[in-house]
Number of protein chains: 2
Amino acid sequence: MTIEKKIGYHFKQKELLKVAMTHSSHSGNSTNNERLEFLGDAVLELIISEYLFLAHKLSEGKMTKIRSNIVCAESLSKAAYDLKLGEHIFLGKGEIVTGGRQRKSNLANAFEALIGAVFLDSGFETTKEVVLRLLEHNIHLALSGALVKDYKTELQEYIQKNNENEIEYTLDKSEGPEHNKTFYINLIFNGECVSQGVGKSKKEGEQNAAKIYLHQVKKISEQNN
Amino acid sequence: MTIEKKIGYHFKQKELLKVAMTHSSHSGNSTNNERLEFLGDAVLELIISEYLFLAHKLSEGKMTKIRSNIVCAESLSKAAYDLKLGEHIFLGKGEIVTGGRQRKSNLANAFEALIGAVFLDSGFETTKEVVLRLLEHNIHLALSGALVKDYKTELQEYIQKNNENEIEYTLDKSEGPEHNKTFYINLIFNGECVSQGVGKSKKEGEQNAAKIYLHQVKKISEQNN
């Protein structure tokens, strides 16, 4: 069955469908689906937000949580799997032999890109119908709490969000006459001084200290990858 | 000048405008703007995403970065400030005397809620016109790179995202006959065993270990706040 039959939507611009199904590993100079995935993610977030807002009198905190359980790799890859979307993705050979058609991230990304493509082709209202139909089951599961039980994921997210990595800026010294001072600012990360920034104001010194340390950590991270 | 004149949009449902302008500190049993803020944030994300997608041939990474510089407290509070939105927010007395009308978070949240309200009242296309007009200057600044210079914010976000907090699950032991085993799973956080979960499968044991530790860290965090 074609994708269009599966999702119940026929593209006016067939090119959009092709781009949505093209993974970055696919050779040739065809456009891949990364930009459409970015757009599709925002489309999904708004459609689900509006649905939760109108259909259920949930608090902001509850809506945030339930939405994140619907618009996430786990849920979207499941929806893509049910549509057998993997069969239709244009992949590079290396990606195919390493199981790319079954890879959750590829499936979820293709699903998002597909929704981005429908949105560009048809606008918000039509896309809403398509999305609410395709994600009906996942929405139901999330609302019933069945998708909210993954404690491993919840712990991971909690720690990422809450673990204290304290950044502090302190004035080391200032030099020069009152009208033309130079400020030396230390950046203290988890109690340790990791960089110093200089500036004609405290603010400028802080920005420079942050810039220097950011440069350092990015460099270290690149070396490790 | 009324808000409607300032933003160039007239509400069919005036009640929506009132809710959008009501801060949670406002007494009485009126609905506050937290739910509309949630919705408005998603509306803004999609409008800016679509705009960046269509108007500029930027990569996904660039779009993510520029969008986050447009749809953020700093940028939205500036837009709200230019509209003098602070004058129109319904605040509690305590919030007023502590400078609530100038508080960036209040301004940005009211702006988001206002956009959520316009969206419910008029739909996506009309809201798009309103938003692109109100945020024209911020979009221009973000595209020119002028909003991308805050290294302190960038460092904060980078560390939050990248700092390694390694979570590992290891099998401590299993007990019982092959068809009815019990698994004991250790949760290792940054090299230290912080909890143990028991289950009839490794997966269940892992989930329980995560559940126990999550419960612990949340309790500690509550005591500290």
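- Chain A carries the name Ribonuclease 3 in an unreviewed UniProt entry, which gives Acetobacterium fimetarium as its organism.
- Under the UniProt heading Sequence similarities (unreviewed entry), the note attached to chain A is "Belongs to the ribonuclease III family."

**A closer look at the interface of chain A and chain B**
Many descriptions give the size of an interface as the accessible area lost when the pieces come together.
Piece 1. At the junction of the two partners, chain A supplies 50 residues and chain B supplies 50 residues.
Piece 2. Between chain A and chain B lies a buried interface of about 4800 Å² when both sides are counted; carbon and sulfur atoms form 69% of it.
Piece 3. At the surface where chain A touches chain B, the tally comes to 0 salt bridges.
Piece 4. In this assembly, chain A and chain B are joined by 4 residue pairs in polar contact (both at pLDDT 80 or more).
Piece 5. Breaking the side of chain A that touches chain B down by element, the ones donating at least two residues are α3 (34-55), α4 (60-70), α7 (104-122), α10 (151-162), β1 (167-175), β2 (182-189) and α11 (202-224) of chain A.
Piece 6. At 14 residues, α3(A) tops the list of elements feeding residues into the side of chain A that touches chain B.

**Examining the relation of the copies chain A and chain B**
Piece 1. Each copy of the sequence occupies a distinct position, and chain A is placed on chain B by a rotation of 180 degrees and an axial shift of 0.1 Å, giving an RMSD of 0.2 Å. Here the symmetry operator amounts to a two-fold rotation axis.
Piece 2. In this assembly the copies share their binding face: 100% of the residues contributing to the interface of chain A also contribute to that of chain B.

**Regarding helix α9 (residues 136-144) of chain B**
All names here are of chain B.
Piece 1. Those residues of α9 lying buried are Asn138, Ile139, Leu141 and Ala142. Here the buried residues of α9 occupy an arc of 165 degrees about the axis, which is enough to place them on one side. The outward face of α9, more than 90 degrees from its buried face, is lined by the exposed residues Glu136, His140 and Ser144.
Piece 2. At the C-terminal side of α9, Gly145 shows a positive phi close to 90 degrees.

**Some thoughts on the nonpolar core**
Piece 1. Core analysis: the biggest nonpolar cluster contains 98 residues, and Phe111(A), Leu135(A), Phe111(B) and Leu135(B) have the highest contact counts within it.
Piece 2. Discounting chain neighbours no more than four positions away, the residues touching Phe111(B) are Leu44(B), Leu76(B), Ala79(B), Ala80(B), Leu83(B), Leu85(B), Leu134(B) and Leu135(B).
Piece 3. By size, the runner-up hydrophobic cluster in this structure holds 14 residues, among which are Tyr151(A), Leu155(A), Tyr158(A) and Leu214(B).

**A short note on the packing of α3(A) against helix α4 (residues 60-70) of chain B**
Piece 1. Running from amino to carboxyl end, α3(A) crosses α4(B) at an angle of 35 degrees, the nearest separation of the two axes being 8 Å. Residue-level inspection shows Glu34(A), Arg35(A), Phe38(A) and Ala42(A) of α3(A) in contact with α4(B), the latter providing Glu60(B), Met63(B), Thr64(B) and Arg67(B).
Piece 2. For the contact of α3(A) with α4(B), the per-class residue count stands at 3 nonpolar, 1 polar and 4 charged.

**Let's talk about the packing of aromatic side chains**
The description of two aromatic rings rests on the distance between their centres and on the angle between their planes.
Piece 1. Summed over all chains, the structure comprises 7 aromatic pairs over all chains.
Piece 2. Ring geometry for Phe119(A) and Phe124(B): centres 5.8 Å apart, planes at 75 degrees, overall edge-to-face. Here Phe119(A) is found in helix α7, whereas its partner Phe124(B) is found in helix α8 (residues 124-134) on a different chain. Each of the two residues, Phe119(A) as well as Phe124(B), counts as buried.
Piece 3. Geometrically, the ring pair formed by Tyr9(B) and Phe11(B) is edge-to-face, given 5.1 Å between the ring centres and 85 degrees between the ring planes. Taken as a pair, Tyr9(B) and Phe11(B) share a single burial class, namely buried.
Piece 4. Following the ring pairs from residue to residue traces out a cluster consisting of Phe119(A), Phe124(A), Phe119(B) and Phe124(B).
Piece 5. Note that Lys173(A) overlies the ring of Tyr184(A), its terminal NZ or CZ placed 4.7 Å from the centroid.

**A few points about the sheet that holds strand β1 (residues 167-175) of chain B**
All names here are of chain B.
Piece 1. Spatially, the 3 strands line up as an open sheet ordered β1-β2-β3, and their pairing is antiparallel. The outermost strands of the open sheet, each flanked by one partner alone, are β1 and β3 (192-199). Shown here is a sheet whose adjacent strand axes are inclined to one another by a mean of 25 degrees, direction ignored.
Piece 2. Taken together, the 7 bridges between strand β2 (residues 182-189) and β3 define a ladder with antiparallel strand orientation. In the sheet register, Ile188 faces β3, and the bridge partner there is Cys193.

Conventions adopted
- Residues numbered from 1 in each chain as written.
- Chains lettered and ligands numbered in written order.
- Predicted model: local features only at pLDDT ≥ 70, side-chain atom pairs only at ≥ 80, totals over all residues.
- Heavy atoms only, no water.
- UniProt positions renumbered as here; feature names shortened; annotations may be inferred.
- Contact = heavy atoms within 4.5 Å.
- Buried area = accessible area lost by both parts, 1.4 Å probe.
- Salt bridge = Lys/Arg side-chain N within 4 Å of Asp/Glu carboxyl O.
- Polar contact = N/O pair within 3.5 Å; in protein donor to acceptor, adjacent residues only side chain to side chain.
- Helix = DSSP H or I, 4+ residues; strand = E, 2+ residues; numbered from the N terminus.
- Least-squares fit on C-alpha atoms with pLDDT ≥ 70 in both.
- Buried < 20%, exposed > 50% of the residue type's maximum accessible area, 1.4 Å probe, protein only.
- Arc of directions from axis to C-beta.
- Core = buried A, V, L, I, M, F, W, Y, C linked by side-chain atoms within 4.5 Å.
- Axes fitted to C-alpha atoms, helices over the stretch in contact; angles between N-to-C directions.
- Nonpolar A, V, L, I, M, F, W, Y, C, P; charged D, E, K, R; others polar.
- Phe/Tyr/Trp six-rings, centres within 6.5 Å; stacked < 30°, edge-to-face > 60°.
- Lys NZ or Arg CZ within 6 Å of the ring centre and 35° of its normal.
- Pairing = 2+ DSSP bridges.

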